[in-house]
Amino acid sequence: MSDDFDHRQHRYPESRYFEDLVIGERFYIPSRTVTDANFAAFQTVSGDNHPIHYDVEYCRERGYPGPLAHGLQILCFTAAGAGNLAHVIGDSLIGFIEQSSKFLKPVFPGDTLYPSLAIAALTPQRTTGIVTVAVTVHNQRDELVLTGEQKYLMRKRQP
């Protein structure tokens, strides 16, 4: 046992606050290849059972090479905590308050996704601020498959 260890200090660097963020600043989320396990996990969590997402033959009969990922399944890949944004803002985050998205291209098992977040707007309030984050997800063919926005309520630095 080490006398100089304090588990309360075992944290990421000091949190950045609303005023510390810059429009255009990017936060990448590691790329991931979508697998059949992702489809099964999403079906378990969501309860979705439409065959377009889970029945290979149903999809082939409709001209698709395999099941299509549910849009919300792809949206999950944009979770701020999956990359470094949540760690950068840390304790200054009050809450995730809004989300919108457009699903532009189908995603199939075997596709590799590249999510990215970028600060799009900073709306100051009295003691807090709203951070608007532009969200994109591209596939391995550099096609944009999802675009959207997320909004976070953050603390300002105390004077």
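All values derive from a computational prediction rather than experimental measurement.

Caption draft 1: Region of the structure containing the nonpolar core. Counting residues in each nonpolar core, the largest one holds 26 residues, and the members touching the most others are Leu113, Leu117 and Val133. Counting only elements with at least two residues in this core, the list comes to helix H3 (71-76), helix H4 (85-89), strand E4 (112-124), strand E5 (128-139) and strand E6 (144-155). Apart from the residues within four sequence positions on either side, Leu113 is in contact with Ser31, Arg32, Val34, Ile74, Phe77, Val107, Val137, His138, Asn139 and Val145.

Caption draft 2: Looking closely at the side chain of Thr78. Tracing the backbone shows Thr78 in the loop between H3 and H4. For Thr78, a relative accessible area of 1% translates into the label buried. At 2.7 Å, the side chain of Thr78 forms a polar contact with the backbone oxygen of Leu75. Polar contacts involving the side chain of Thr78 include one to the side chain of Gln150, which spans 3.0 Å.

Caption draft 3: Main features of the side chain of Ser92. Checked against the element boundaries, Ser92 lands in the loop between H4 and strand E3 (93-103). Reaching out from Ser92, the side chain makes a polar contact with the backbone oxygen of Ile89 at a distance of 2.6 Å. Those residues in contact with Ser92 that lie beyond four places of it in its chain are Ser15, Arg16, Tyr17, Leu153, Met154 and Arg155.

Caption draft 4: Looking closely at the pattern of salt bridges. According to the stated counting rule, one finds eight salt bridges in the structure shown. The salt bridge partner of Glu98 is Lys151, with a shortest N-O separation of 3.9 Å. You can see Glu98 sitting in strand E3 and its partner Lys151 sitting in strand E6, a full 53 residues away along the chain. Take Lys151: its relative accessible area is 22%, and that puts it in the partly exposed class. Among the ionic contacts, a cluster of salt bridges with common partners joins Glu14, Asp20 and Arg157.

Caption draft 5: Main features of the pairing of E5. With nine of its 12 residues buried, E5 lies for the most part within the structure. Here 11 bridges tie E4 to E5, and the two strands are oriented antiparallel to one another. For Pro115, the partnering residue across the bridge sits in E5 and is Val137. The antiparallel hairpin formed by E4 and E5 contains three residues in its connecting segment. Bridge count between E5 and E6: 11 bridges; the pairing is antiparallel. Among the inter-strand pairings, Val137 is bridged to a residue of E6, identified as Leu146. Linking E5 back to E6 in an antiparallel pair, the connection comprises four residues, with Asp142 at a positive phi of about 65 degrees.

Caption draft 6: Inspection of the packing of aromatic side chains at higher detail. Tallied over the full model, the rule gives two aromatic pairs. On the basis of an interplanar angle of 45 degrees and a centroid distance of 6.4 Å, the ring pair of Tyr64 and Phe108 is categorised as tilted. Residue Tyr64 is located in the loop between helix H2 (56-61) and H3, and its partner Phe108 is located in the loop between E3 and E4; the two are separated by 44 residues in the primary sequence. Ring geometry for Phe96 against Tyr152: centres 5.0 Å apart, planes inclined by 25 degrees, an arrangement best described as stacked. Of this pair, Phe96 sits in strand E3 while Tyr152 sits in strand E6, and the two are 56 residues apart along the sequence. Directly above the ring of Tyr58 sits Arg62, whose terminal nitrogen or CZ lies 3.5 Å from the centroid.

The rules behind the values
- Here, residues in each chain are numbered from 1, in the same order as that chain's written sequence.
- A pLDDT threshold of at least 70 governs which residues receive local features in this predicted model, and a stricter bar of 80 or more applies before side-chain atom pairs are shown or counted, although totals over entire chains, interfaces and linings include all residues.
- Water and hydrogen atoms play no part in the side-chain values, which are based on all heavy atoms of the structure.
- Within this scheme, the nonpolar core is defined by two criteria: the residues are buried Ala, Val, Leu, Ile, Met, Phe, Trp, Tyr or Cys, and they are joined through side-chain atoms within 4.5 Å.
- Each residue gets one of three labels from its accessible area relative to the maximum for its type: buried under 20%, exposed over 50%, partly exposed in between, using a 1.4 Å probe on protein chains only.
- For the purposes of this entry, the term helix denotes a DSSP run of H or I that reaches at least four residues, the term strand denotes a run of E that reaches at least two, and both are numbered from the N terminus.
- Working rule for contacts: check all heavy atoms of both residues, and any pair within 4.5 Å makes them a contact.
- N or O atoms closer than or at 3.5 Å make up a polar contact, with two conditions inside protein: a donor-capable atom paired with an acceptor-capable one, and, for residues adjacent in sequence, both atoms drawn from side chains.
- One side-chain nitrogen of Lys or Arg within 4 Å of one carboxyl oxygen of Asp or Glu is enough to make a salt bridge.
- Paired strands are those between which DSSP finds at least two bridges.
- Aromatic rings from Phe, Tyr and Trp, taking only the six-membered ring of Trp, are treated as a pair when their centres fall within 6.5 Å; an angle between ring planes under 30 degrees marks them as stacked, one over 60 as edge-to-face, and anything in between as tilted.
- In this analysis the charged atom, NZ for Lys or CZ for Arg, is taken to sit over a ring once it is within 6 Å of the ring centre and within 35 degrees of the ring normal.

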